[in-house]
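Results of the structural survey
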Amino acid sequence: MNGPGYQNIKQDWGIDELVTKLRHLRVQSLETRHRRDRPPKLPSRKELQKILDGLGAVLFPNRLGLPDLNDEGIDYFVGHTLDTLLRELYKQIRRELQFTSGHTAVDDDAYQQAVAITREFAARLPEVRTLLDSDIQAAYEGDPAARSSDEVLVCYPGITAITHHRLAHILYQLGAPLVARIISELAHSATGIDIHPGAKIGESFFIDHGTGVVIGETAVIGRHVRVYQAVTLGAKRFQKDDDGILVKGNARHPIVEDDVVIYAGATILGRITIGRGSTIGGNVWLTYSVPPGSNITQAHVRSELFHDGGGI
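Residues numbered from 1 in each chain as written. Predicted model: local features only at pLDDT ≥ 70, side-chain atom pairs only at ≥ 80, totals over all residues. Heavy atoms only, no water.

1. Overview of the sheet that holds strand E5 (residues 220-221)
- Strands sit in the order E2-E5-E8-E11 across an open sheet of four strands; the sheet is parallel. Taken across any chain shown, the strands that pair with only one partner, and hence form the sheet edges, are strand E2 (200-201) and strand E11 (273-274).
- Summarising the sheet, E5 and strand E8 (residues 255-256) pair through two bridges and their orientation is parallel. Bridging from a neighbouring strand, Val 220 pairs with Ile 255 of E8. (Pairing = 2+ DSSP bridges. Helix = DSSP H or I, 4+ residues; strand = E, 2+ residues; numbered from the N terminus.)

Below, the structure is given as structure tokens:
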């Protein structure tokens, strides 16, 4: 390949033709979405990742902040970092609101709403820290392999996922669902844990191992709940309207009450309720509600199917 003839090979990739075809497809897509003259400027995954990293340092400056921080400098670090992060978060929220409104010029309503959302988000950060402390403690107490709460914070993918979720859920509630969804998907990419930002999760939530966990948008999870890898809290079916289009936002995911344990591979589908203090065994497929204190295993489910005439 390095001989004299190599330099004479014409490297024609057909760039001009590719550019033309890609432009045509891009314009066609914009016209289909009625955005020919106003291409969307969406929130940036890269910028949101930086914001999340910074928020982790703000919430846990001694463990996730700068290595040389001392007691005297922590408050300055937290204040300065927060000021920078909230300005950047405001920009991402404003992008979403302007994209949603469809306005290309300066949108004063989007500006005011973005400021209000960012301010309320900031006010709820102490609440997030309190919830995360409870999650970390639940993980430490629930895993005999955990040697310290510090190890849990910096090593456990479940804590990464729930940290993202606690932050994303607030933004989802405040009216920035796209920014919230991007934050959730950043955690999904990093940990393999997929929690929709709409899901409501109580304090002291512990995801052990975590890979493959899926928690849907309308799921409601109580306090002191523990789930293991590959657990799904999903929808049983998807309703459609008269035009055959999926109905959005209806309650379609499980309610899990306090003090429930769900073991690896369990799949729980539909708007059903798992009663307080229940245990759901590994690889169980469950589509009906169970009362408080239930102990559901594969054998139990097979027995229920047999007695109901469903066979095994």
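2. Some remarks on the side chain of His 165
- Mapped onto the elements, His 165 comes out in helix H8 (residues 157-174).
- Residues in contact with His 165, not counting those within four places in the same chain, are Ile 195, His 196, Pro 197, Ala 199 and Ile 201. (Contact = heavy atoms within 4.5 Å.)

3. Examining the packing of aromatic side chains
- Scanning all chains against the criterion turns up two aromatic pairs.
- Ring plane angle 90° and centroid distance 5.9 Å describe the contact between Tyr 90 and Tyr 111, whose orientation is recorded as edge-to-face. Taken together, the positions of Tyr 90 in helix H4 (residues 71-101) and Tyr 111 in helix H5 (residues 108-123) put the pair 21 residues apart, joining distant regions of the chain.
- Considering the side-chain rings of Tyr 228 and Tyr 263, the 5.0 Å spacing of their centres and the 15° angle between planes classify their relative orientation as stacked. With a gap of 35 residues between them, Tyr 228 in the loop between strand E6 (226-227) and strand E7 (232-234) and Tyr 263 in the loop between strand E9 (261-262) and strand E10 (267-269) connect regions that are remote in the sequence. (Phe/Tyr/Trp six-rings, centres within 6.5 Å; stacked < 30°, edge-to-face > 60°.)

4. Let's talk about the pattern of salt bridges
- Throughout the structure, instances matching the rule amount to 12 salt bridges.
- Between Arg 181 and Glu 185 there is a salt bridge whose closest N-O contact spans 3.3 Å. Of this pair, Arg 181 and Glu 185 are both found in helix H9 (residues 177-191), four residues apart, which corresponds to roughly one turn of the helix.
- The class of Arg 181 is partly exposed, set by a relative accessible area of 38%. (Salt bridge = Lys/Arg side-chain N within 4 Å of Asp/Glu carboxyl O. Buried < 20%, exposed > 50% of the residue type's maximum accessible area, 1.4 Å probe, protein only.)

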